[in-house]
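Okay, here's what each chain looks like letter by letter:
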Amino acid sequence: AQSVDQPDAHVTLSEGASLELRCSYSYSAAPYLFWYVQYPGQSLQFLLKYITGDTVVKGTKGFEAEFRKSNSSFNLKKSPAHWSDSAKYFCALEGPGGNNKLTFGQGTVLSVIP
Amino acid sequence: DTTVKQNPRYKLARVGKPVNLICSQTMNHDTMYWYQKKPNQAPKLLLFYYDKILNREADTFEKFQSSRPNNSFCSLYIGSAGLEYSAMYLCASSRGTVYEQYFGPGTRLTVL
């Protein structure tokens, strides 16, 4: 069975600081990994994905994530953070060979204080 | 246009009554999904259509039905709503596996 864990329900930091949102996964094969973001009052939006190749992937809005097979993690990073980054962030995993089934983590609420 | 639309945005239903939720997209995506999201929980995949083929998750197999009359539309049907069905229902679409999913704004269903 596949699972995704986002251990931090809330993260608060000051504008200008570096942000890192944690995501770990459990999966027996090579995963496809995604980050989505939900701004207040808006739909879930795609940020970035890792399929294969370079373990550091860049996405929209200045975000990047690093896939680390050694500790089954896919942490989201951005520096510096901006108050407009305040949102809820979801990490997700897609199963073998891209089977269309996304398993989401519970999400991390990020608050960036101006 | 990369939007996914959902109707209605809010739905109030009585216990035991049927519920039908609608989703549409104009991106010509071959795959459409339905997720259920409850507060402080992860979105949970209920089912998806790949073209005309419906795939339902094993643990929700008997609770939800769906239809996709054409490429653009997909419905989610609950035959007899129970209190446990109260949740946000998210529709999404993608142009295949591996590609990102585009999500609609959701329908908030409240069952009384």
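About the thresholds
Residue numbers run consecutively from 1 along every chain, following the written order of its sequence. Written order determines the labels here, with chains lettered from A and ligands numbered from 1. With pLDDT at 70 or above as the cut-off, local features in this predicted model cover only qualifying residues; side-chain atom pairs require 80 or more to be listed or tallied, and sums for whole chains, interfaces and linings still use all residues. Each side-chain value is worked out from all heavy atoms of the structure, with water and hydrogens disregarded. In this description a helix means any DSSP run of H or I spanning at least four residues, a strand means any run of E spanning at least two, and both kinds are numbered starting from the N terminus. Atoms considered for the radius of gyration are the C-alpha atoms alone. The globule rule reads 2.2 Å times the number of residues to the power 0.38. Buried, partly exposed and exposed residues are distinguished by accessible area as a fraction of the type maximum, computed with a 1.4 Å probe on protein chains only: under 20%, between the cut-offs, and over 50%, respectively. Accessible areas in this description were obtained via Shrake-Rupley with a 1.4 Å probe; residue shielding takes into account the shown protein chains only. Criterion for a disulfide: a pair of cysteine sulfur atoms at a distance within 2.5 Å. A contact between two residues is defined here by any heavy atoms of the two lying within 4.5 Å. Buried area: the accessible surface (1.4 Å probe) lost by two parts on joining, summed over both. Basic side-chain nitrogens of Lys or Arg form a salt bridge, by our definition, when they fall within 4 Å of a carboxyl oxygen of Asp or Glu. Distance and chemistry together define a polar contact, namely a pair of N or O atoms within 3.5 Å, with one atom able to donate a hydrogen and the other to accept it when in protein, and with adjacent residues in sequence counting only for side-chain atoms on both sides.

## A word on the overall build of chain A
Each helix and strand in chain A was counted, giving 0 helices and 12 strands. Ordered by position from N to C terminus, the α and β elements of chain A give β-β-β-β-β-β-β-β-β-β-β-β. Expected size for 114 residues packed as a compact globule is a radius of gyration near 13 Å; at 13 Å, chain A falls within 12% of this value. The principal-axis extent of the C-alpha atoms belonging to chain A is close to 40 × 25 × 20 Å. Looking at chain A residue by residue over its 114 residues, the buried ones come to 46%. A total of about 5,300 Å² of accessible surface is found on chain A, and carbon and sulfur atoms cover 50% of it.

## What to know about the state of the cysteines
Per the stated rule, a full pass over the model turns up 2 disulfides over all chains. What pairs with A:Cys23 in a disulfide is A:Cys91, and their sulfur atoms sit 2.0 Å apart. Between A:Cys23 and A:Cys91 the sulfur-sulfur dihedral comes to about -65 degrees; the bridge is accordingly left-handed. A residue pair is termed long-range when its members are at least 10 positions apart, and A:Cys23 in the loop between strand E3 (19-21) and strand E4 (24-26) and A:Cys91 in strand E10 (residues 87-94) qualify at 68 residues. Here A:Cys23 matches A:Cys91 in class, with each residue buried. One disulfide in the model links B:Cys23 with B:Cys91; its S-S distance is 1.9 Å. On the S-S bond that ties B:Cys23 to B:Cys91, the torsion sits near -80 degrees, and the link is left-handed. Of this pair, B:Cys23 sits in strand E3 (residues 19-25) while B:Cys91 sits in strand E9 (residues 87-94), and the two are 68 residues apart along the sequence. A relative accessible area of 0% means that B:Cys23 is categorised as buried. With no disulfide of its own, B:Cys74 has B:Cys91 as its nearest cysteine by sulfur position, at a separation of 6.0 Å.

## Some remarks on the interface of chain A and chain B
In this complex, chain A contributes 20 residues to the contact, which on the side of chain B involves 22 residues. A combined buried area of about 1,700 Å² lies between chain A and chain B, and 58% of that area is made up of carbon and sulfur atoms. For chain A, the biggest contributors to the area lost against chain B are A:Leu44, A:Asn100 and A:Phe104; these three give 33% of the whole. Our count for the contact surface shared by chain A and chain B stands at 2 salt bridges. The partner of B:Glu57 in a salt bridge is A:Lys101, with the nearest N and O atoms 3.2 Å apart. At the surface where chain A touches chain B, the tally comes to 3 residue pairs in polar contact (both at pLDDT 80 or more). Taken together, the elements giving at least two residues each to the side of chain A that touches chain B come down to strand E5 (32-38), strand E6 (44-50), E10 and strand E11 (102-104) of chain A.

## Looking at the environment of B:Phe64
All names here are of chain B. For Phe64, the position within the fold is in the loop between strand E6 (53-56) and strand E7 (65-70). Under the relative-accessibility criterion, Phe64 is labelled buried at 2%. For the pair Phe64 and Trp34, spaced 30 residues apart in sequence, the C-alpha to C-alpha distance is 9.9 Å. When residues no more than four places from it in sequence are discounted, the contact partners of Phe64 are Gln36, Leu46, Leu47, Arg56, Leu76, Tyr77, Ile78, Tyr85 and Tyr89.

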